[in-house]
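In case you want the letters, here they are:
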Amino acid sequence: QVQLVESGGGLVQPGGSLRLACSASGSIFSGFPSWYRQTPGKERELVAMIISGGNPIYADSVKGRFTISIDNAKNTLYLQMNSLRPEDTAVYYCKNFKNWGQGTQVTVSS
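Everything quoted here is computed from the prediction, not taken from an experiment.

A. Up close: the environment of Gln1. Along the polypeptide, Gln1 turns up in the segment before strand 1 (3-7). Judged by relative accessible area, which is 94%, Gln1 ranks as exposed. Residues Gln1 and Pro40 lie 39 residues apart in sequence; the distance between their C-alpha atoms is 29 Å.

Shown next, in the form of structure tokens:
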């Protein structure tokens, strides 16, 4: 069985930072581990993904502000989010292979 659990979301002011974590059980982070986000009126969108060679790719909207990484020893995927903006407000999901986490809410507001 596989399970992905996100944590680290919360309420922050614009310009603030959060680090999201996604812990995996029953699996390992191979298979293009990634972070997505979704708001109620929009499609779920790719935020960041680790591709071959461990190289990250990012959505243009977060490039330079977000960093995706893996701690293989802890079997945990991270998303460091800096310089947060109100438009970053969303539920953030991690994904590995075809498995999804339950999501964690990030709200950026003054």
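B. Looking closely at the pattern of salt bridges. In total, this model carries four salt bridges according to the counting rule given. Its salt-bridge partner being Arg37, residue Asp88 comes within 2.9 Å of it at the nearest N-O pair. A residue pair is termed long-range when its members are at least 10 positions apart, and Asp88 in the loop between strand 8 (76-81) and strand 9 (90-96) and Arg37 in strand 4 (residues 34-38) qualify at 51 residues. Taken as a pair, Asp88 and Arg37 share a single burial class, namely buried. In this structure, Lys63 engages Asp60 in a salt bridge whose closest nitrogen and oxygen atoms are separated by 3.3 Å. For the residue pair Lys63 and Asp60, the accessibility class agrees, reading exposed in each case. One network of salt bridges, with partners in common, ties together Arg37, Glu45, Arg65 and Asp88.

C. Inspection of the pairing of strand 3 (residues 18-25) at higher detail. Pairing geometry for strand 1 and strand 3, over five bridges, is antiparallel. Bridging from a neighbouring strand, Gln3 pairs with Ser25 of strand 3. Pairing of strand 3 with strand 8, which is carried by six bridges, proceeds in the antiparallel orientation. If you follow Arg19 over to strand 8, its bridge partner there is Gln80.

D. Seen up close, the sheet that holds strand 3. Across the sheet, four strands lie side by side as 1-3-8-7; this open sheet has antiparallel pairing. Taken across any chain shown, the strands that pair with only one partner, and hence form the sheet edges, are strand 1 and strand 7 (66-71). Adjacent strand axes in the sheet meet at a mean angle of 15 degrees when their direction is disregarded. By the bridge criterion, six bridges tie strand 7 to strand 8 in an arrangement that is antiparallel. Its bridge partner lying in strand 8, Phe66 is registered against Met81.

E. Here's a closer look at the side chain of Thr104. On the secondary structure map, Thr104 appears in strand 11 (residues 104-108). In terms of polar contacts, Thr104 uses its side chain to reach the backbone amide nitrogen of Gly9, at 3.3 Å. Once residues lying within four places of it in the same chain are set aside, the contact partners of Thr104 are Glu6, Ser7, Gly8, Gly9, Leu20, Ala90, Val91 and Tyr92.

About the criteria used
- Residues numbered from 1 in each chain as written.
- Predicted model: local features only at pLDDT ≥ 70, side-chain atom pairs only at ≥ 80, totals over all residues.
- Heavy atoms only, no water.
- Helix = DSSP H or I, 4+ residues; strand = E, 2+ residues; numbered from the N terminus.
- Buried < 20%, exposed > 50% of the residue type's maximum accessible area, 1.4 Å probe, protein only.
- Salt bridge = Lys/Arg side-chain N within 4 Å of Asp/Glu carboxyl O.
- Pairing = 2+ DSSP bridges.
- Axes fitted to C-alpha atoms, helices over the stretch in contact; angles between N-to-C directions.
- Polar contact = N/O pair within 3.5 Å; in protein donor to acceptor, adjacent residues only side chain to side chain.
- Contact = heavy atoms within 4.5 Å.

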